[in-house]
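Observations on the three-dimensional arrangement
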Amino acid sequence: MMDWTDRHCRFFHRLLTRRALLYSEMITTGAVIHGDRARLLAFDPAEQPVVLQLGGCDPRALAECAAISEGLGYAEINLNVGCPSDRVQEGRFGACLMAEPALVGDCVAAMKARVRVPVTVKCRIGIDEQDPEQALDAFTAAVERAGVDALIVHARKAWLKGLSPRENRDLPPLDYGRVYRLKAAHPRLPIVLNGGIGSVEEAATHLEHIDGVMMGRAAYQEPWRLLAVDAELFGEAAPAPDAKAAAMALIPYIERELARGVRLHAITRHVLGLFRGVPGARAFRRHLATQAVKASANAETFRDALVLVDSGQAARQTVETVAA
Ligand SMILES: Cc1cc2nc3c(=O)[nH]c(=O)nc-3n(C[C@H](O)[C@H](O)[C@H](O)COP(=O)(O)O)c2cc1C
């Protein structure tokens, strides 16, 4: 997610779940080819498995970017066919590619020819006046023929004219049934459901119908929920016993990154929702919002914020989630 799932966010999320696949922000082919590649594509090996999401519509450029990303160690390459922003539409990529299944098929085939890691696509159920039954079938047939390894479907249309990107994440109604039907019609193609999944328990219910789930805002805004992923969905212990322990485990990373010139706020802004609902969470957030932005902020600033959170309650939040 743009501006959210940067490398600091992903490193932090990896302290909460070993098994979830983590995705980068969308990076355009132009940025990969002409931009500051070292900065844009950098990640810590501890984030693995991590997926790079590309934005673009030129098969040759996408193949080149996929090869570069595979060379850097990304575990999967994903093509964005869901973003509705004006800038992306002007570039003729993102959600507007729902209207060009043959071109997306060419993009997938070109990437598949260059890399060995999985190549996946994230799409909508349709755009604008499209009929989601026909549009999603045609789109899926094209990418399946091209050899796509999985399709992630944000289970709502995108309205490219008249709705902002933010409105496009909430307003067109969700249609999980459409994605379940797609799965039934494509038993061999892994299909992942995205959109409005608010908890790991909800995710488990969807998994009775489809192969995977992708959580966006709930994972980012309430990251403590990720502590339930390994236990609930994979039958394995979480990497940290509770949210506070996960936050403590972030401290060596904070010290390392600060020594490289990173500002504390660049890391801790992703941690603000970790204790949502726990006594002291507001003081924790306020402390970080006012102190972590200062040039002098350091790991002590983060430790001071953690002291404000009720440890017993923070541990209970996790236990209740896992038991729910
Ligand atoms: C701040 C923000 C940035 C996003 N950036 C991307 C992006 O770069 N690529 C993408 O495929 N989806 C992006 N999305 C959409 C989400 O991945 C997801 O499809 C959408 O929010 C619905 O899922 P959710 O209800 O679980 O959040 C973004 C969403 C938000 C809130």
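Refer to the structure presented above.
These lines cover the structure that appears in this document, whether it is placed above or below. Small disclaimer: the values here were computed from a predicted structure and weren't measured.

Here we take up the pattern of salt bridges. Overall, the coordinates contain 21 salt bridges when judged by the stated rule. A salt bridge links Arg19 to Glu236, with the shortest nitrogen-to-oxygen separation between them at 2.5 Å. Taken together, the residues span a long stretch of sequence, with Arg19 in the loop between helix H1 (7–14) and strand S1 (22–28) and Glu236 in the loop between helix H11 (229–234) and helix H12 (243–249) at a distance of 217 residues. Relative accessible area serves as the criterion here: at 37%, Arg19 is assigned to the partly exposed category. Between Arg303 and Glu300 there is a salt bridge whose closest N-O contact spans 2.7 Å. Placement of the pair is Arg303 and Glu300 together in helix H16 (residues 299–307), with a separation of 3 residues, close to one helical turn. Assessed through its relative accessible area of 29%, Arg303 is described here as partly exposed.

Turning our attention to the nonpolar core. Counting residues in each nonpolar core, the largest one holds 93 residues, and the members touching the most others are Val121, Leu250, Phe275 and Phe302. No other element matches the 5 residues that helix H6 (residues 101–114) contributes to this core. Non-local contacts of Leu250, meaning those with residues more than four positions away in its chain, are made with Phe11, Phe12, Leu15, Ile267, Val271 and Phe302. One finds Tyr23, Val51, Ile152 and Met214 within the second-largest nonpolar core, a separate group that totals 5 residues.

To continue, consider the sheet that holds strand S6 (residues 191–194). Strands sit in the order S1-S2-S3-S4-S5-S6-S7 across an open sheet of 7 strands; the sheet is parallel. Bordering the open sheet on either side are S1 and strand S7 (212–214), each of which pairs with just one other strand. The average undirected angle you get between the axes of adjacent strands in this sheet is 25°. Looking at chain direction, strand S3 (residues 76–81) and strand S4 (residues 119–124) are connected through 5 bridges and run parallel. If you follow Asn80 over to S4, its bridge partner there is Lys122.

The next thing to look at is H16. Here H16 has its buried residues at Ala299, Thr301, Phe302, Ala305 and Leu306. Each buried residue of H16 sits inside an arc of 155° when the element is viewed along its axis, so together they form one side. Along its buried surface, H16 packs onto H12, helix H13 (251–259), helix H14 (264–268) and helix H15 (281–291). Put simply, Asn298 is the residue that caps the front of H16, since its side-chain oxygen is 2.9 Å from the backbone nitrogen of Glu300.

With respect to the secondary-structure elements, Asn80 resides in strand S3. Assessed through its relative accessible area of 7%, Asn80 is described here as buried. Dropping the residues within four chain positions of it, Asn80 is found in contact with Met26, Gln53, Leu54, Gly94 and Lys122.

A few words on the packing of H1 against H13. Viewed as axis vectors pointing N to C, H1 and H13 meet at an angle of 160°, and their least axial separation amounts to 11 Å. As far as their axial angle goes, H13 and H1 are roughly antiparallel. For H1 against H13, the interelement crossing comes out right-handed. From H1, Arg7, His8 and Phe11 reach across to H13, where they touch Tyr253, Arg256 and Glu257. Among the residues forming the contact of H1 with H13, the class breakdown is 2 nonpolar, 1 polar and 3 charged.

As a further point, take the environment of Arg217. Inspection of the secondary structure puts Arg217 in helix H10 (residues 217–221). When its relative accessible area of 25% is taken as the criterion, Arg217 is described as partly exposed. Each C-alpha atom, one on Arg217 and one on Gly195, is 8.9 Å from the other, the two residues being 22 residues apart in sequence. Discounting chain neighbours no more than four positions away, the residues touching Arg217 are Met1, Trp4, Arg156, Arg169, Asp170 and Glu222. Side-chain polar atoms of Arg217 contact the backbone oxygen of Arg169, separated by 3.1 Å.

Basis of the calculations
Residues numbered from 1 in each chain as written. Predicted model: local features only at pLDDT ≥ 70, side-chain atom pairs only at ≥ 80, totals over all residues. Heavy atoms only, no water. Salt bridge = Lys/Arg side-chain N within 4 Å of Asp/Glu carboxyl O. Helix = DSSP H or I, 4+ residues; strand = E, 2+ residues; numbered from the N terminus. Buried < 20%, exposed > 50% of the residue type's maximum accessible area, 1.4 Å probe, protein only. Core = buried A, V, L, I, M, F, W, Y, C linked by side-chain atoms within 4.5 Å. Contact = heavy atoms within 4.5 Å. Pairing = 2+ DSSP bridges. Axes fitted to C-alpha atoms, helices over the stretch in contact; angles between N-to-C directions. Arc of directions from axis to C-beta. Polar contact = N/O pair within 3.5 Å; in protein donor to acceptor, adjacent residues only side chain to side chain. Parallel < 35°, antiparallel > 145°, perpendicular 65-115°, else oblique. Left-handed = near helix turned anticlockwise from the far one by under 90°. Nonpolar A, V, L, I, M, F, W, Y, C, P; charged D, E, K, R; others polar.

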